[in-house]
Amino acid sequence: AASAAQAPAASIFTPKPSPQDPDAGNIFRDPNGNFTTPVPDGWTTNLPGDGSVQIAQGPAWVVLATVQPMDPEAGAKGVIDQMSGPYQLVQTNAATANVSGHPIYYAVFKGQSQQQGPVAVMIAGIQAPSGHVLAFISSAPLDSISASSPAFLEIMKGIRFAGE
């Protein structure tokens, strides 16, 4: 079983957008049936084959991946540890919250991407009713984060877990 530090895989952090599944409409449905989430207009989805989904528009992207049962904070911190080196992350905020009835831990960072230069990154762990954590990782160039933030919030607030 993969540990929190191993999932999601590092390869998911450079998404390659592809056309949306025409049957999905504006809703992404996890192939394993764990969750659904809206896909903002103009954004595309990609399933890289590692159990994650990438939702992207230009250089802005979100990655969602279900990880083993754990505390949302532990799940998010495992991803933070994995991304800290390659992205030179500097934390600017962290908190616990409740999104659509689910406990969440999130941390916000400024970082440096080799492909994009200065970036804003948010890493969150969202507690699913099953006990699993949905890792939510978003990134956008620092100079365009205000344009991407509404889509990031639409994706996060629209997450629904199996059985809801």
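Just above, that's the structure.
Figured I'd write up the structure that's included with this text. (Residues numbered from 1 in each chain as written. Predicted model: local features only at pLDDT ≥ 70, side-chain atom pairs only at ≥ 80, totals over all residues. Heavy atoms only, no water.)

Considerations on the pairing of strand 9 (residues 133–141)
Consecutive side chains along a regular strand alternate between the two faces of the sheet.
Moving on, step 1. The buried count for strand 9 comes to nine of nine residues, which makes it a mostly enclosed element.
Moving on, step 2. Burial along strand 9 is two-sided: Val-133, Ala-135, Ile-137, Ser-139 and Pro-141 facing one way and Leu-134, Phe-136, Ser-138 and Ala-140 facing the other are all buried.
Moving on, step 3. Pairing of strand 5 (residues 60–67) with strand 9 involves seven bridges; the strand directions are antiparallel. In the sheet register, Trp-61 faces strand 9, and the bridge partner there is Ser-139. (Buried < 20%, exposed > 50% of the residue type's maximum accessible area, 1.4 Å probe, protein only. Helix = DSSP H or I, 4+ residues; strand = E, 2+ residues; numbered from the N terminus. Pairing = 2+ DSSP bridges.)

Description of the layout of surface pockets
Moving on, step 1. Size it by volume and the largest pocket reaches roughly 350 Å³.
Moving on, step 2. Forming the boundary of the largest pocket are 20 residues, of which Val-108, Met-122, Ser-138, Ser-149 and Leu-153 lie nearest the centre.
Moving on, step 3. Mapped by element, the contributors of at least two residues to the lining of the largest pocket are strand 6 (90–99), strand 7 (102–113), strand 8 (117–127), strand 9 and helix 2 (145–157).
Moving on, step 4. The element contributing the most residues to the lining of the largest pocket is helix 2, with six residues. (1 Å grid on protein atoms, 1.4 Å probe; cavity = no way out; pocket = protein on both sides within 12 Å on 5 of 7 lines; lining within 4 Å. Points joined across faces, edges and corners; volume = space filled by probe spheres on them.)

Some words on the nonpolar core
Moving on, step 1. With 24 residues, the main nonpolar core has Phe-35, Leu-64, Ile-126, Phe-136, Met-156 and Ile-159 as its most contacted residues.
Moving on, step 2. When contributions to this core are tallied by element, the ones reaching two or more residues are strand 4 (52–57), strand 5, strand 8, strand 9 and helix 2.
Moving on, step 3. Of the residues forming this core, the biggest block, four residues, is contributed by helix 2.
Moving on, step 4. Discounting chain neighbours no more than four positions away, the residues touching Ile-159 are Phe-35, Thr-36, Thr-37, Pro-38, Leu-64, Ile-126, Leu-134, Phe-136 and Glu-164.
Moving on, step 5. Counting residues in hydrophobic clusters, the runner-up holds 17 residues, among them Val-63, Leu-89, Ala-107 and Ile-137. (Core = buried A, V, L, I, M, F, W, Y, C linked by side-chain atoms within 4.5 Å. Contact = heavy atoms within 4.5 Å.)

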